Amino acid sequence: MPIIRNSVGSVLYVYFNRPDRKNAIDLETVSDLEKALDDSASDDSIRAVVISGEGKDFSAGADINMLASFDSASAYEFRMAMNRVSRKIRDLPKPVIAILKGYSLGGGLEIAESADIRIALKDAVIGQPEISIGINAGAGGNVILPRIVGAGRAMYMAMTGRKMSAMEAKAMGLVDEVVEDENQARSIVEDIAGKPQITLQYIKRLVNASLDLPIDRAMEEEALYFSLLFTKKEITDLLSRWRKR
């Protein structure tokens, strides 16, 4: 199985499962990840999704043996499949957190770039090294990465192929938190999953929408969703409990 699923409470953990290949991504992996995302979207018991890797690595990127067999048509098919997964991560109405560890490179990192939050273990090696084998990123490394770290840093990563530490990635804003181990990362995930689900959904929707809207329109959307929260019993009950303290 190229993907392993493991539910822990209200969190679905999805692991790339090719540790002997440093969790290199092939078409079957992408297809299974897409299915896991689709299933989580319709499962009300799941409040957050984590993407990580089985073993010591997150993912070293696309499987090079697969890439070497491609022609133009098959290369396009693979990248369109990767694009679908990235889009489903961004559209999923639940937080998606990537836990990076070991090799977190290339196409694997690009999947993580579409996640809402990226947590890295201190041993993570992070980069977009595709230039080293003559190709460019094709699933967000040239499009989503600049929105996270800025155009100059994204170009530097893509053009040099340089690998960096977790702390370097945090310093440029690519990683949101660096932790000692997976237990610490899971503690952060569980805290997020315990927050009001509708509020998490609105936060994700608004932050993503704001990237494509003029600021005044985005502020109007923020005000609208803020007001909608006051129609939700979960939120009004929570506010009432806080008022009584």
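These lines cover the structure that appears in this document, whether it is placed above or below. Everything numeric here is computed off the predicted structure, so don't read it as measured data.

### Details of the overall build of the protein
Working step 1: Looking only at helices and strands, one finds 11 helices and nine strands in the protein.
Working step 2: By its C-alpha atoms, the protein is 60 × 40 × 35 Å across when sized along the principal axes.
Working step 3: Residue burial in the protein is summarised as follows: out of 245 residues, 43% are buried.
Working step 4: Of the contacts made within the protein by residues no fewer than 6 positions apart, 69% connect residues no fewer than 24 positions apart.

### Quick word on the packing of aromatic side chains
Working step 1: In the structure shown here, the tally under the stated rule is five aromatic pairs.
Working step 2: Summarising the aromatic geometry, the rings of tyrosine 13 and tyrosine 15 are spaced 6.3 Å apart at their centres and angled 15° between planes, so their arrangement reads as stacked. Each member of the pair, tyrosine 13 as well as tyrosine 15, is classed as buried.
Working step 3: Taking 5.4 Å as the distance between ring centres and 80° as the angle between the ring planes, the aromatic pair formed by phenylalanine 16 and phenylalanine 58 counts as edge-to-face.

### Focus on helix α3 (residues 72–91)
Working step 1: With 20 residues, α3 should reach 28 Å at 1.5 Å per residue; the first-to-last C-alpha distance of 28 Å fits that figure.
Working step 2: Here α3 has its buried residues at Ser74, Phe78, Arg79, Ala81, Met82, Val85, Ser86 and Ile89. The arc that holds every buried residue of α3, seen down its axis, measures 150°, which confines them to one face. In α3, those exposed residues whose orientation departs by more than 90 degrees from the buried face are Ser72, Ala73, Tyr76 and Glu77.
Working step 3: Structurally, α3 contributes buried residues whose contacts are with α1 (27–41), β3 (48–53), α2 (64–68), β4 (96–100), α4 (106–113) and α9 (197–210).
Working step 4: For α3, the N-terminal cap is aspartate 71; the gap from its side-chain oxygen to the backbone nitrogen of alanine 73 is 3.2 Å.

Calculation rules
Residues numbered from 1 in each chain as written. Predicted model: local features only at pLDDT ≥ 70, side-chain atom pairs only at ≥ 80, totals over all residues. Heavy atoms only, no water. Helix = DSSP H or I, 4+ residues; strand = E, 2+ residues; numbered from the N terminus. Buried < 20%, exposed > 50% of the residue type's maximum accessible area, 1.4 Å probe, protein only. Contact = heavy atoms within 4.5 Å. Phe/Tyr/Trp six-rings, centres within 6.5 Å; stacked < 30°, edge-to-face > 60°. Expected span 1.5 Å × (residues − 1). Arc of directions from axis to C-beta. Polar contact = N/O pair within 3.5 Å; in protein donor to acceptor, adjacent residues only side chain to side chain.

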